[in-house]
Amino acid sequence: MPGYFLYSLQFEEIREKSKEKIIYAAVQLFSSVGYFSTSVSNIAQKAGVSKGLIYNYFESKESVLESIIEKAFEEVDLIFNFGEKTTPRKRLENIINRLFDNLPLQSDFMRMYLPVAMQVRRFEFVQAITNAKLSRSRKELQDILKELGYEDFEREAYALACLLDGVILNHAILEDDFPFDQMREFLLDKYVFTADKK
């Protein structure tokens, strides 16, 4: 029985690695040649797997795209850590710090993902996922800023969400030229440490 359990774990690990390879290859192709110009055969060739293996994990090219969007938003969920039990000020500090801590780890994926993100408005199913996920994170920011006493907390939360998106975009483009520490310090100072001066 222990041998079977070990085999199951190894199989699941191999399966996840194969799936990641497929997703990574699809992101590269969707970002460089576009979603519509990419075929499942192209993805298989880029990933170094058979076309049949792709259909073993994904129903269609659309479901590959859906997985890419889900993967991108997994990072958002990690950054926001919804349901965190602490003060609103500490929650906001943690969101900003996790975003910056995560940037160097995700920069390659984000550079490839951004052109894909520009194409998502063509797909209703992707737009629905995106709207739901963004609404959740924006609502979290609204709740935090409301608790911190911001009068116009809804618009302030939208502005902060745009700032955080801008940080991700600029870091993906500028890489080492991005003023990483200064921007982290600026956002913490503006929204966390001087929140009483709003």
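Here's a quick rundown of the structure. Given the structure is predicted, the values throughout are model-derived calculations rather than measurements. (Residues numbered from 1 in each chain as written. Predicted model: local features only at pLDDT ≥ 70, side-chain atom pairs only at ≥ 80, totals over all residues. Heavy atoms only, no water.)

1. Overview of the packing of helix 7 (residues 153–174) against helix 8 (residues 180–193)
Next, step 1: Following both chains from N to C, one finds helix 7 and helix 8 inclined at 170°, their axes separated by 12 Å at the closest point. Classed by the angle they form, the pair helix 7 and helix 8 counts as roughly antiparallel. Taken together, the residues of helix 8 that come into contact with helix 7 (itself represented by E156, L160, L163, L164, V167 and H171) are F180, L187 and Y191.
Next, step 2: Looking at side-chain class alone, the contact of helix 7 with helix 8 contains 7 nonpolar, 1 polar and 1 charged residues. (Axes fitted to C-alpha atoms, helices over the stretch in contact; angles between N-to-C directions. Helix = DSSP H or I, 4+ residues; strand = E, 2+ residues; numbered from the N terminus. Parallel < 35°, antiparallel > 145°, perpendicular 65-115°, else oblique. Contact = heavy atoms within 4.5 Å. Nonpolar A, V, L, I, M, F, W, Y, C, P; charged D, E, K, R; others polar.)

2. Structural notes on the layout of surface pockets
Next, step 1: Reported here for the largest pocket is a volume of approximately 990 Å³.
Next, step 2: Taken together, 36 residues line the largest pocket, and the ones lying closest to its centre are F73, Y113, L134, D165 and I168.
Next, step 3: Secondary-structure elements contributing two or more residues to the lining of the largest pocket are helix 4 (61–80), helix 5 (88–117), helix 6 (124–147) and helix 7.
Next, step 4: Here the lining of the largest pocket is composed, by residue class, of 24 nonpolar, 8 polar and 4 charged. (1 Å grid on protein atoms, 1.4 Å probe; cavity = no way out; pocket = protein on both sides within 12 Å on 5 of 7 lines; lining within 4 Å. Points joined across faces, edges and corners; volume = space filled by probe spheres on them.)

3. Notes on the packing of helix 6 against helix 7
Next, step 1: Taken N-terminus to C-terminus, the directions of helix 6 and helix 7 make an angle of 125°; their axes are 8 Å apart at the nearest point. Relative to helix 7, the element helix 6 is oriented oblique. Seen along the crossing, helix 6 lies across helix 7 with a hand that is right-handed. Residues R138, L141, Q142, L145 and K146 of helix 6 lie in contact with helix 7, whose contacting residues are F153, E154, E156, A157, Y158, L160, A161 and L164.
Next, step 2: Here the residues of the contact of helix 6 with helix 7 are counted per class, giving 8 nonpolar, 1 polar and 4 charged. (Left-handed = near helix turned anticlockwise from the far one by under 90°.)

None of this, on its own, says anything about what the molecule does.
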